[in-house]
Amino acid sequence: MKVGIIDVGGGMRDIYGCGVFDYLLDKKIEIDYCVGVSAGSANIASYIAKQRGRNIVFYEKYSFEKEYMSFNNYIKNKSFINLDYIYSTLSNEGGKSPLDYRRNRC
């Protein structure tokens, strides 16, 4: 039987989702089909790469950095949260929390 999962995100509310995916990794539960939206896609990417604990840092630590979330971001980019900082600066090779892109290939 094939098993699928959907994580619809929800910005900062999806901290719950990152815990669910860490639990799945802890229990070695394999999901065959994954669909993620927004923060949910980040949680799923870390799950697929088997990077347990990676996403909680984004909620508990990086979210307090002004580059991540601030009124200045809103003035400059019309968005309170700087998605380029999250999904590029922090997540790319050389970033503070790089995603293992090699493990993420299907």
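Keep in mind the model is a prediction, meaning the values are calculated, not measured. (Residues numbered from 1 in each chain as written. Predicted model: local features only at pLDDT ≥ 70, side-chain atom pairs only at ≥ 80, totals over all residues. Heavy atoms only, no water.)

Taken as a whole and judged by the stated rule, the model has four salt bridges. Of the charged contacts in the structure, one is a salt bridge between Arg52 and Asp26, with a shortest N-O distance of 2.5 Å. Within this pair, whereas Arg52 is found in the loop between α2 (39-48) and α3 (54-60), its partner Asp26 is found in helix α1 (residues 15-26), the two being separated by 26 residues in sequence. Residues Lys96 and Glu65 are paired through a salt bridge, measuring 2.8 Å at the closest nitrogen-oxygen approach. With Lys96 in the segment after α5 (83-89) and Glu65 in the loop between α3 and α4 (71-77), this residue pair connects regions lying 31 residues apart in the sequence. Among the charged side chains, a network of salt bridges with common partners joins Asp22, Asp26 and Arg52. (Salt bridge = Lys/Arg side-chain N within 4 Å of Asp/Glu carboxyl O. Helix = DSSP H or I, 4+ residues; strand = E, 2+ residues; numbered from the N terminus.)

Locating Ser46 in the fold gives a position in helix α2. If sequence neighbours within four positions are ignored, Ser46 has contacts with Gln51, Arg54, Asn55 and Leu99. (Contact = heavy atoms within 4.5 Å.)

Here we come to the packing of aromatic side chains. Taken as a whole and assessed by the stated rule, the structure comprises three aromatic pairs. A centroid spacing of 5.4 Å and a plane angle of 50° characterise the contact between Phe21 and Tyr47, whose relative ring orientation is tilted. Of this pair, Phe21 sits in helix α1 while Tyr47 sits in helix α2, and the two are 26 residues apart along the sequence. Accessibility expressed as a relative area gives 3% for Phe21, which makes it buried. Here Tyr47 falls in the buried class, since its relative accessible area comes to 5%. (Phe/Tyr/Trp six-rings, centres within 6.5 Å; stacked < 30°, edge-to-face > 60°. Buried < 20%, exposed > 50% of the residue type's maximum accessible area, 1.4 Å probe, protein only.)

Side chains of residues three or four places apart in an α-helix project in the same direction, reflecting 3.6 residues per turn. Burial runs high along α2: eight of the 10 residues are buried. Of the positions making up α2, those classed as buried are Ala39, Gly40, Ala42, Asn43, Ile44, Ala45, Ser46 and Tyr47. At the exit of α2 stands Lys50, carrying a positive phi of roughly 55°.

If you trace the backbone, Gly36 turns up in strand β2 (residues 33-36). With 28 residues separating them along the chain, Gly36 and Val8 place their C-alpha atoms 5.8 Å apart.

One ladder, built from four bridges, connects strand β1 (residues 4-7) with β2; its direction is parallel. The residue bridging Gly4 from the neighbouring strand is Tyr33, located in β2. A crossover links β1 with its parallel partner β2, the connecting element being α1, and its sense is right-handed. (Pairing = 2+ DSSP bridges. Right-handed = clockwise from strand over helix to strand, strands pointing away.)

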